[in-house]
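Examining the three-dimensional arrangement
Listed below are the residues making up each chain.
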Amino acid sequence: MRNKKILVVEDEESIRKFIRINLEREGFIVIEAETGEKALEIAKSEDIDVVVLDIMLPGIDGYQVCKELRNKYSTIGIIMLTAKSQDVDKIMGLEYGTDDYMVKPFNPLELVLRIKSLIRRIDANKPENHEIVTFGPFKIDKYSRQFFKNEKHIELTPTEYSIIKLFIENPGRAFTRDEILNLVWGYDFIGDTKIVDVNIRRLRTKIEDDSKNPHYIETVWGVGYRWRRDGNLSGGDYEK
Ligand code: CA
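Notes on the structure follow. (Residues numbered from 1 in each chain as written. Predicted model: local features only at pLDDT ≥ 70, side-chain atom pairs only at ≥ 80, totals over all residues. Heavy atoms only, no water.)

Focus on the packing of aromatic side chains
Inspection of the entire model under this criterion finds nine aromatic pairs. With 5.6 Å between their ring centres and 75° between their planes, F135 and W227 make a pair best called edge-to-face. Of this pair, F135 sits in strand β6 (residues 132-135) while W227 sits in strand β12 (residues 224-227), and the two are 92 residues apart along the sequence. Of the two residues examined, F135 and W227, each falls in the buried class. One residue, K139, lies across the ring of F148, its end atom 5.0 Å from the ring centre. (Phe/Tyr/Trp six-rings, centres within 6.5 Å; stacked < 30°, edge-to-face > 60°. Helix = DSSP H or I, 4+ residues; strand = E, 2+ residues; numbered from the N terminus. Buried < 20%, exposed > 50% of the residue type's maximum accessible area, 1.4 Å probe, protein only. Lys NZ or Arg CZ within 6 Å of the ring centre and 35° of its normal.)

Structure follows, in structure tokens:
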């Protein structure tokens, strides 16, 4: 996720700075625009991955900016910032082609997660992404979506694969069951978090040396799960 470029379009400086601080903490490169016109100018010269776009802007509004961005740059990710009163069906509709939205005021951590999820979805659609990530005894080939332990191929279901990918892209980060559910299954998935436990159990059987005493996928009591980031995994590269 490092070096991904996020364009934050928002006329209120305090909100813009607040978003910037939270995204930079995650290793994103942040570019700010206080108007839609400026945002479109920046998009011409910068290779933007995701745009965080406020709807209420002076000059051309977020809807117009979204429409123009979509027309010109089909692979760019767009997350709209909306007020409660705005029509979500309109925002998510075909005309504008937003990828996601957040209602103000929002939790910055949630914005970060949504950006990461969006980038993953964008990257998954790019056939040229031939990234191989190694970490400890493991290797993941994001192009063929294959997973290896000590060079031995381990068969994973798409869901298990998505969970593993979520973990290795965020080593050391504790995820709640709800977060895993949201990030892997999708925001609209209304399900029981037990499905997360079931998948984790299955994953441990497949990847741990001893699934009864898991080393890589740790249980964080009262929270959820975490991919261990420690000396035993050193020598691995989490980023390409
Ligand atoms: Ca605004």
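Some remarks on the side chain of E208
Among the structural elements, E208 can be located in the loop between α8 (194-207) and β11 (217-220). At 2.7 Å, the side chain of E208 forms a polar contact with the backbone nitrogen of H215. Within the structure, E208 has its side chain in polar contact with the backbone nitrogen of Y216 (distance 2.9 Å). Non-local contacts of E208, meaning those with residues more than four positions away in its chain, are made with K149, L203, P214, H215, Y216 and I217. (Polar contact = N/O pair within 3.5 Å; in protein donor to acceptor, adjacent residues only side chain to side chain. Contact = heavy atoms within 4.5 Å.)

Considerations on the environment of I140
If you trace the backbone, I140 turns up in strand β7 (residues 138-141). On the basis of relative accessible area, I140 is assigned to the buried category, the value being 0%. Sequence separation between I140 and I164 is 24 residues; the distance between their C-alpha atoms is 9.1 Å. Excluding residues within four positions of it along the chain, I140 makes contact with E131, I132, V133, F135, Q146, F147, Y161, I164, K165 and I168.

Section: the coordination of the calcium ion
Looking at the metal site, the calcium ion is ligated by E10 (OE), D11 (OD), D54 (OD) and M56 (O), spaced 2.1 to 2.9 Å from it. For the calcium ion, all donor residues lie on one chain, and their spacing in sequence is E-D-x42-D-x1-M. When its relative accessible area of 0% is taken as the criterion, E10 is described as buried. Under the relative-accessibility criterion, D11 is labelled partly exposed at 32%. (Donors = N, O, S within 2.8 Å, 3.2 Å for Na, K, Ca; no water.)

Here's the deal with the environment of N107
Among the secondary structure elements, N107 is positioned in the loop between β5 (100-103) and α5 (108-124). You can call N107 partly exposed: its relative accessible area is 40%. Looking at N107, its side chain comes within polar contact range of the main-chain nitrogen of L109, at 2.8 Å.

Re the sheet that holds β12
As summarised here, the arrangement of the three strands in space is β10-β12-β11, forming an open sheet in which the pairing is antiparallel. Both outer strands of the open sheet, β10 (174-176) and β11, are each paired with one neighbouring strand and no more. Taken over all neighbouring pairs, the strand axes of this sheet differ in orientation by 30° on average, direction set aside. Pairing of β11 with β12 involves four bridges; the strand directions are antiparallel. Along β12, the bridge assignment pairs I217 with W227. Helix α7 (residues 177-185) contacts β10 and β12 of the sheet and is inclined by roughly 85° relative to β10. The strands touched by α8 are β11 and β12; relative to β11, the strand with the most contacts, the crossing angle is about 145°. (Pairing = 2+ DSSP bridges. Axes fitted to C-alpha atoms, helices over the stretch in contact; angles between N-to-C directions.)

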